[in-house]
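If you want the building blocks of each chain, they are given just below.
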Amino acid sequence: MEFLSQVGGSVTNGLVYVGSLASLGGRAAYYTFVAPFQGKPIRFQRAVSQALDVGVRALPILSLITFFIGLILALQAAYELRRFGAISYVATAVAISMSRELGPLITAIVVIGRSGSAFAAEIGTMKVTEEIDALETMAISPVHFLVTPKFIAMAVMLPCLTIWANTMGILGGSLFGVAQADFTFTRYISASLDSLFLRDIVTGLIKSVMFGITITAVGCLEGLSTGAGAEQVGRSTTRAVVMSIFMVVLVDLVFTALFFFMSEH
Amino acid sequence: MEAALTDSLETTATISVRDLRVNYGEREILHGIGFDVNRGETLVILGGSGSGKSTLLRTLVGLEKPTSGQIWIKGQNIAAISPSAMDEIRKKIGMSFQGGALFGSMTVGENVALPLREHTRLEESTIEIMLRLKLEQVGLQGFEYYMPSQLSGGMKKRAAVARALAMDPEILFFDEPSAGLDPIIAAGIDQLILELKQAFRMTIIVVTHELASAYLIADRMVLIDKGNIVAIGTTEEMRASTQPRVRQFLDRVAEPEVARELDYLQMLTEDRRRRSG
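Residues numbered from 1 in each chain as written. Chains lettered and ligands numbered in written order. Predicted model: local features only at pLDDT ≥ 70, side-chain atom pairs only at ≥ 80, totals over all residues. Heavy atoms only, no water.

Peer 1: Can you lay out the side chain of A:T216 for me, pointing to particular residues and giving the numbers?
Peer 2: All names here are of chain A. With respect to the element layout, T216 can be found in helix 8 (residues 198-224). For T216, a relative accessible area of 0% gives the class buried. Leave out the neighbours within four places in its chain, and T216 touches F119, K150, F151 and M154. (Helix = DSSP H or I, 4+ residues; strand = E, 2+ residues; numbered from the N terminus. Buried < 20%, exposed > 50% of the residue type's maximum accessible area, 1.4 Å probe, protein only. Contact = heavy atoms within 4.5 Å.)

Peer 1: Before we move on, can you summarise the packing of helix 2 (residues 44-54) of chain A against helix 6 (residues 142-180) of chain A with the specific residues and values?
Peer 2: The relative placement of two packed helices is expressed as an angle between their axes plus a distance between the axes. Residue and element names in this part refer to chain A. Where helix 2 meets helix 6, the closest approach of the two axes is 8 Å, and the angle between their N-to-C directions is 45°. Between helix 2 and helix 6, the interaxial angle falls into the category oblique. Judged by the twist between their axes, the crossing of helix 2 over helix 6 is right-handed. Residues R46, A47, Q50, A51 and V54 of helix 2 form the contact with helix 6, whose own contacting residues are F145, L146, P149, K150, I152, A153, M154, M157 and L161. Among the residues making up the contact of helix 2 with helix 6, the classes are represented as eleven nonpolar, one polar and two charged. (Axes fitted to C-alpha atoms, helices over the stretch in contact; angles between N-to-C directions. Parallel < 35°, antiparallel > 145°, perpendicular 65-115°, else oblique. Left-handed = near helix turned anticlockwise from the far one by under 90°. Nonpolar A, V, L, I, M, F, W, Y, C, P; charged D, E, K, R; others polar.)

Peer 1: Summarise the pattern of salt bridges; cite the residues concerned and give the values.
Peer 2: Per the stated rule, a full pass over the model turns up 23 salt bridges over all chains. A salt bridge links B:E118 to A:R43; the nearest nitrogen and oxygen atoms lie 2.5 Å apart. Separated into two different chains, B:E118 in helix 4 (residues 108-119) and A:R43 in the loop between helix 1 (2-34) and helix 2 make up a pair that spans both. The exposure class assigned to A:R43 is buried, which follows from its relative accessible area of 15%. B:D36 is the salt-bridge partner of B:R18, the closest N and O atoms lying 3.1 Å from each other. With B:R18 in strand 1 (residues 13-24) and B:D36 in strand 2 (residues 27-38), this residue pair connects regions lying 18 residues apart in the sequence. Among the ionic contacts, a cluster of salt bridges with common partners joins A:E101, A:K207 and A:D252. (Salt bridge = Lys/Arg side-chain N within 4 Å of Asp/Glu carboxyl O.)

Peer 1: Requested: an account of the layout of surface pockets, with residues and values cited.
Peer 2: Taken as a whole, the second largest pocket holds about 670 Å³ of empty space. Forming the boundary of the second largest pocket are 21 residues, of which A:Q45, A:R46, A:S49, A:F145 and B:M106 lie nearest the centre. With seven residues, helix 2 of chain A is the largest single contributor of residues to the lining of the second largest pocket. Its residues assigned to classes, the lining of the second largest pocket comprises eight nonpolar, five polar and eight charged. (1 Å grid on protein atoms, 1.4 Å probe; cavity = no way out; pocket = protein on both sides within 12 Å on 5 of 7 lines; lining within 4 Å. Points joined across faces, edges and corners; volume = space filled by probe spheres on them.)

Peer 1: Can you break down the nonpolar core residue by residue, with the values?
Peer 2: With 100 residues, the main nonpolar core has B:I15, B:L56 and B:F173 as its most contacted residues. Take this core: its biggest share by element is 14 residues, from helix 4 (residues 90-128) of chain A. Setting aside chain neighbours within four positions, we find B:L56 in contact with B:L20, B:L30, B:I33, B:F35, B:I45 and B:I224. Within the second largest apolar cluster, 44 residues are counted, among which are B:I127, B:M130, B:V138 and B:A159. (Core = buried A, V, L, I, M, F, W, Y, C linked by side-chain atoms within 4.5 Å.)

Peer 1: Explain the side chain of B:T55 residue by residue, including any values.
Peer 2: All names here are of chain B. Position of T55 relative to the elements: it lies in helix 2 (residues 53-60). Assessed through its relative accessible area of 8%, T55 is described here as buried. Apart from the residues within four sequence positions on either side, T55 is in contact with V22, Y24, I29 and L30.

Peer 1: So what's going on with the interface of chain B and chain A? Which residues, and what values?
Peer 2: Each partner contributes to the interface: chain B provides 21 residues, whereas chain A provides 15 residues. Surface buried jointly by chain B and chain A totals about 1,500 Å² across both partners, of which 60% is contributed by carbon and sulfur atoms. Across the chain B-chain A interface, the total number found is two salt bridges. Here chain B is connected to chain A by four residue pairs in polar contact (both at pLDDT 80 or more). Counting residues per element, the ones that place at least two in the side of chain B that touches chain A are helix 3 (83-90) and helix 4 of chain B. No other element matches the four residues that helix 4 of chain B contributes to the side of chain B that touches chain A. (Buried area = accessible area lost by both parts, 1.4 Å probe. Polar contact = N/O pair within 3.5 Å; in protein donor to acceptor, adjacent residues only side chain to side chain.)

Right, dumping it as structure tokens:
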């Protein structure tokens, strides 16, 4: 009985959490799509500067990581494929697994580490120093002012970063292809492109938009629910990273399953 | 009764608090308090740590929701008001937070101009002039391009006051204006509050535990203890009061905190239970 009630309790807590994420996302959607027509313009400048921070400044580290991931994938695939004399399928394996799954996922994880945590820390610090309260007493909505630009930046930048990550992954794979599998560079690239369907790329990009929204919602919600005291900011930041990774994997599962059942028909 | 109350509001009081109760979770912080703030007066809310004075201030500016009771500000009960109507009231009040609460990513000038840029359609050049004016009023002329992190504690508070003044508020709230400042800088802030009062005839509400500062700036004082109003009156009335609790606070009689260890423990465990529950 005790066990059951504990399970029930955590399920309820989980649902409440998802509910508050959705409510925050809903309010941001209101300020993005509805409020501009009621005379409350989007903070375009803040969204652009966030986008630079989230997107452009992530490029070096994201490039390096996804290049290595592409190379690792090629090595792992070749390990099995060469036993069947099918090493030329390395390009296909890398291209498909990058664009369907690993590109969006690795991008999301890099962005969680760089930006999801930063959102929680920034908003959490503002909570502790009463800056959020100050916004409210000035009749400025923190969701409008702080959170919405982040949502816009993330929803736009994550797909862009994901395309970049896919490209870098394929380039990483090509290093192995050229060095070990008798590919020329151009042949490797065209083999990769031939193996990809538009569907592979589009599903990956749809997922990446959802990841962006999820990471922003978690980061901002954790920031906004920071308690009093500086150590709470650290706690919020940690929670933001852990919860974001979990939520991203959950969203990934839901959408992958959705695409799977949709493609059956 | 209610009609009579609103009538009297328009003539004398800017703020009227009636039977105000505020809870944090299960624990009641304010136990049904009531008082009036007259137009143009400076009311100082005095009280020790944990007396509920900060909660009272946060409730007055709408950061906490009362459990029951009424808060009439300019004829409207903010305890039962729509968010958009509350925003309209907030444009007429200014609040200076304890640590300043300036936005660290903006310059001092951008901080002060923020409410103007958000809520008015003034030309950028007009906003520029207004922000210079506000900074001059608090003695910070020439500091508009500084970042808040480059300011000292006292300057941060002045900048925060300038931001609170940006919309020409009718009511100004201060949370612990002299907290964390040395006596000379703190006296400067008191002086600033006096100047604002004389220059603009603003209604000013100050929460503090600094007696010296309270005596200097207050027209009237409210002493709060454990969520109840112990005494309310003019500075002279308070000075002359013979009420034990008032005397204890004003004469700074020490109270052994250890004697209340059980209460304290109970408070802590309640907190814990509330948080985990």
